Amino acid sequence: MKILSIETSCDETAVAVVEATGGFIDSKFKILGNALYSQASKHAEYGGVYPTLAKREHSKNLVPLLQKALTEAGLFNTGSVDVNPEVDNILERETELLEQFKELIPKTAIPDIDAIAVTQGPGLEPALWVGLNFAKALSLVWNKPLVPINHMEGHILSPLFEDGVQIQFPALSLLISGGHTQLVLIKDWFDYVIIGETRDDAVGEAYDKVARMLSLPYPGGPEISRLADEARARELQTNKSLPRPMINTDDYDFSFSGLKTAVLYRIKDKELTEIKKLEIAREFEDAVVDVLVKKTKNAIENNGIKTLILGGGVIANKEIRKNMIILARDSGVNLLLPEFSMATDNAVMIAVAGYLRLIDEKVKDQQPYGVAGLSADGNLRLD
Ligand code: KG4
Ligand code: ZN
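Values in this document were obtained by computation on a predicted structure and should not be read as measured data.

Participant: Could you clarify how one ought to interpret the sheet that holds strand β10 (residues 334-336) in this entry?
Facilitator: The pairing of strands in a sheet happens through backbone hydrogen bonds and is either parallel or antiparallel. One open sheet accounts for five strands, arranged β8-β7-β6-β9-β10; its pairing is mixed. Taken across any chain shown, the strands that pair with only one partner, and hence form the sheet edges, are β8 (191-197) and β10. For this sheet, the mean inter-axis angle between neighbouring strands, taken without regard to orientation, is 20°.

Participant: Got a minute to help me understand the environment of I325 in this structure?
Facilitator: The topology assignment puts I325 in helix α11 (residues 318-331). The partly exposed category is assigned to I325, whose relative accessible area is 44%. The spatial distance from the C-alpha of I325 to the C-alpha of L336 is 9.6 Å, given a sequence separation of 11 residues. When near neighbours in sequence (up to four residues on either side) are disregarded, I325 contacts L335 and L337.

Participant: Looking at this structure, how should I read the coordination of the zinc ion (ligand 2)?
Facilitator: In ideal tetrahedral geometry, four donors around a metal make angles of 109.5 degrees, whereas ideal octahedral geometry with six donors gives angles of 90 or 180 degrees. Distances from the zinc ion (ligand 2) to its protein donors, namely H151 (NE2), H155 (NE2) and D345 (OD), fall within the range 2.1 to 2.2 Å. Coordination of the zinc ion (ligand 2) draws on donor residues from a single chain, spaced H-x3-H-x189-D in sequence. Highlighted residues: H155 in helix α6 (residues 151-157) and D345 in the loop between α12 (340-343) and α13 (348-358), separated in sequence by 190 residues. You can call H155 buried: its relative accessible area is 2%.

Participant: When you look at the environment of Y37 in this model, what are you seeing that I'm missing?
Facilitator: Inspection of the secondary structure assignment puts Y37 in strand β3 (residues 28-38). On the accessibility criterion, Y37 (25% relative accessible area) is partly exposed. On a C-alpha basis, the gap between Y37 and H58 in space is 9.0 Å, while along the polypeptide they are 21 residues apart. Filtering out sequence-adjacent residues up to four positions away, Y37 remains in contact with D11, E12, T13, K42, E57, N61 and L65.

Participant: Teacher, can you tell me more about the nonpolar core here?
Facilitator: Side chains of nonpolar character tend, in soluble globular proteins, to be buried together. Counting residues in hydrophobic clusters, the biggest one holds 49 residues, and the most contacted among them are I224, F284, V288, L292 and I320. Those elements that place two or more of their residues in this core are β6 (171-176), β7 (181-188), α7 (203-213), α8 (220-233), α9 (257-267), α10 (274-302), β9 (307-311) and α11. Here the element with the most residues in this core is α10; it accounts for 11 residues. Contacts of I224, omitting those with residues within four sequence positions, involve Y207, V210, A211, L214, L216, A281, F284 and E285. Counting residues in each nonpolar core, the second largest holds 39 residues, with L160, I186, M342 and Y355 among its members.

Participant: Can you walk me through the side chain of Q120 in this structure?
Facilitator: Relative to the elements of secondary structure, Q120 occurs in strand β4 (residues 115-121). Residue class for Q120 comes out buried when judged on its relative accessible area of 15%. Within the structure, Q120 has its side chain in polar contact with the backbone oxygen of S375 (distance 2.9 Å).

Participant: How should I be thinking about unusual backbone geometry in this particular structure?
Facilitator: Peptide bonds are, in most cases, trans, and in most cases residues other than glycine have a negative phi. Going from F169 to P170, the amide bond is cis rather than trans, its omega being -5°. Position of P170 relative to the elements: it lies in the loop between α6 and β6. Following Y218, the chain continues to P219 via a peptide bond in cis, the omega torsion being -5°. Mapped onto the elements of the fold, P219 is located in the loop between α7 and α8. Phi is positive for M246, which is not a glycine, with a value near 60°.

Participant: Got a minute to help me understand the site of ligand 1 in this structure?
Facilitator: Residues in contact with ligand 1 amount to 17 residues; listed here are only the nearest, G178, D208, G221, G313 and N317. Between ligand 1 and the protein, one listed contact pairs an oxygen atom with a backbone N or O atom of G204 at 3.2 Å. Between D345 and ligand 1, the recorded distance is 3.0 Å, taken from a side-chain N or O atom to an oxygen atom. Contact with the protein chains covers 88% of the free accessible surface of ligand 1, which is 550 Å². Those elements that provide at least two residues to the shell around ligand 1 are α7 and α8.

Participant: Which parts of the structure should I look at to understand the packing of α7 against α8?
Facilitator: Think of two packed helices as two axes; the pair is described by the angle between the axes and how far apart they sit. With their axes 7 Å apart at the nearest point, α7 and α8 run at an angle of 70° to one another. In terms of axis orientation, α7 runs roughly perpendicular to α8. Between α7, through Y207, D208, V210 and A211, and α8, the contact on the second element is made entirely by G220, G221 and I224. The residue inventory of the contact of α7 with α8, partitioned by class, reads four nonpolar, two polar and one charged.

Reading the values: the criteria
Residues numbered from 1 in each chain as written. Chains lettered and ligands numbered in written order. Predicted model: local features only at pLDDT ≥ 70, side-chain atom pairs only at ≥ 80, totals over all residues. Heavy atoms only, no water. Pairing = 2+ DSSP bridges. Helix = DSSP H or I, 4+ residues; strand = E, 2+ residues; numbered from the N terminus. Axes fitted to C-alpha atoms, helices over the stretch in contact; angles between N-to-C directions. Buried < 20%, exposed > 50% of the residue type's maximum accessible area, 1.4 Å probe, protein only. Contact = heavy atoms within 4.5 Å. Donors = N, O, S within 2.8 Å, 3.2 Å for Na, K, Ca; no water. Core = buried A, V, L, I, M, F, W, Y, C linked by side-chain atoms within 4.5 Å. Polar contact = N/O pair within 3.5 Å; in protein donor to acceptor, adjacent residues only side chain to side chain. Near = heavy atom within 4 Å. Areas by Shrake-Rupley, 256 points an atom, 1.4 Å probe, with all protein chains shown as cover. Parallel < 35°, antiparallel > 145°, perpendicular 65-115°, else oblique. Nonpolar A, V, L, I, M, F, W, Y, C, P; charged D, E, K, R; others polar.

Here it is, written out as C-alpha cells:
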C-alpha cells in the first residue's frame, strides 16, 4: 500500500510517500518520497513559533513539497484531472495554496497512491487546518481515502519504521518536544492513557526559554545541550541548587516553569560570563534529566512496562538519551529510540500511523474516512 502523508502541526511542513506492507507484527515501510521544509530559521527572530507565520509558510510550501515528494517517488506525471469546484470552498482561507493547487493539480495525473494520511492535531490550530484542508482537497479530487492522524500517535509509532522493531504491551511512551511533555501508557494498539503531562511548560519550551535568558539563539535546546556537554567535558564544578519540580510527587505529572524561574533568579543582576553560561546550562539540564528519569522510572515500575518508546525533538538531547538508555537497561525494558530525523516532526511517522490505522479492522469499520465534517483540533488527545 502506498500512502501520501502530510504534516503541518507546528513549524515543519512535510509531505511523504511511504510504501507499507505486512501486518502489525511484521509491518515494513519504505520511503519513496520525502519532502520537508523547516521554518525554524524564520521563527528565530520571534524567539519561538509564530502561528500566523507558520500558517502562511505551510500555505506557501505544501504544493511544491507535494510535487517534490511525488517526483522523488516516481509518481509525478502529467495528466488531466477535473478539479471539483468544492475545492474553492475547502481552500477558501488558504489563498496562496488554492492558487498553486489550481495551477498544478489539473495538469497532474492522479498518482498511484492508496490513501492520504494527515495530522489532525494536536498542534497550532491555524497550522493544522492548512494541512488538513489540503489533504481534504486532494482526497476529493483524486478520490482517495483520507485518514486523520493524531500527531502524538505518529511520534509513538515512528520507531516501527525500522524493520524488525516490535512493541510489546504494555508499553510506555515519553514524548518530549517544544509543545509536549507526556507519559503515555499504551495498553494495546491504539489504546492510550495519558498518565502524566506537564502542568505548564513543555520540556523543549523550557530549554528554549532558558536559552533566551542566556542570549542564545532559537531553537535553544541544541544550544543549551552543547554548553552543558562542554561544561561536563571541562569538568566545571556545578552544584544541584536548581529545583527538580514535582520529582517526589506520586503522580507522573511534570512542571518546568518553576525551574525556568529559578534559572532567572540565578542569573539576575549577575554578569553572564561564558563560564557562568556553561554552568547554568549544565545545572538546568541535570535538573531536567533527573525529573524525566525519575517519573519515567516510576511509570515503568508501576505499570509492568515491557517497551519504552521515546519521541519528540528533545530526545535529540545526548544526556537525556544516555540516561534513558541506562534506565531501560536497569529496568529490563526494551527501548525504542527513533533516529533523529524520525524523532523530530516529519510526515513519515504520519504515514506509519496511517498505515497501521488502515489495516486495523476495528478502526476501519468505525471510520468512514469521509472528508466532510473532519476538523483540525489543536488540543486533540490520545485518550
Ligand atoms: O519535536 P520538535 O521538533 O517540534 C515540536 O515542538 O513539536 O521539537 C522541538 C524542540 C525545541 O524546543 C528544541 O529546542 C528542542 O526540541 N530540542 C532540544 C534538542 N534538540 C532540539 N532540546 C534539548 N536538547 C537538544 N539537543
Ligand atoms: Zn511533534
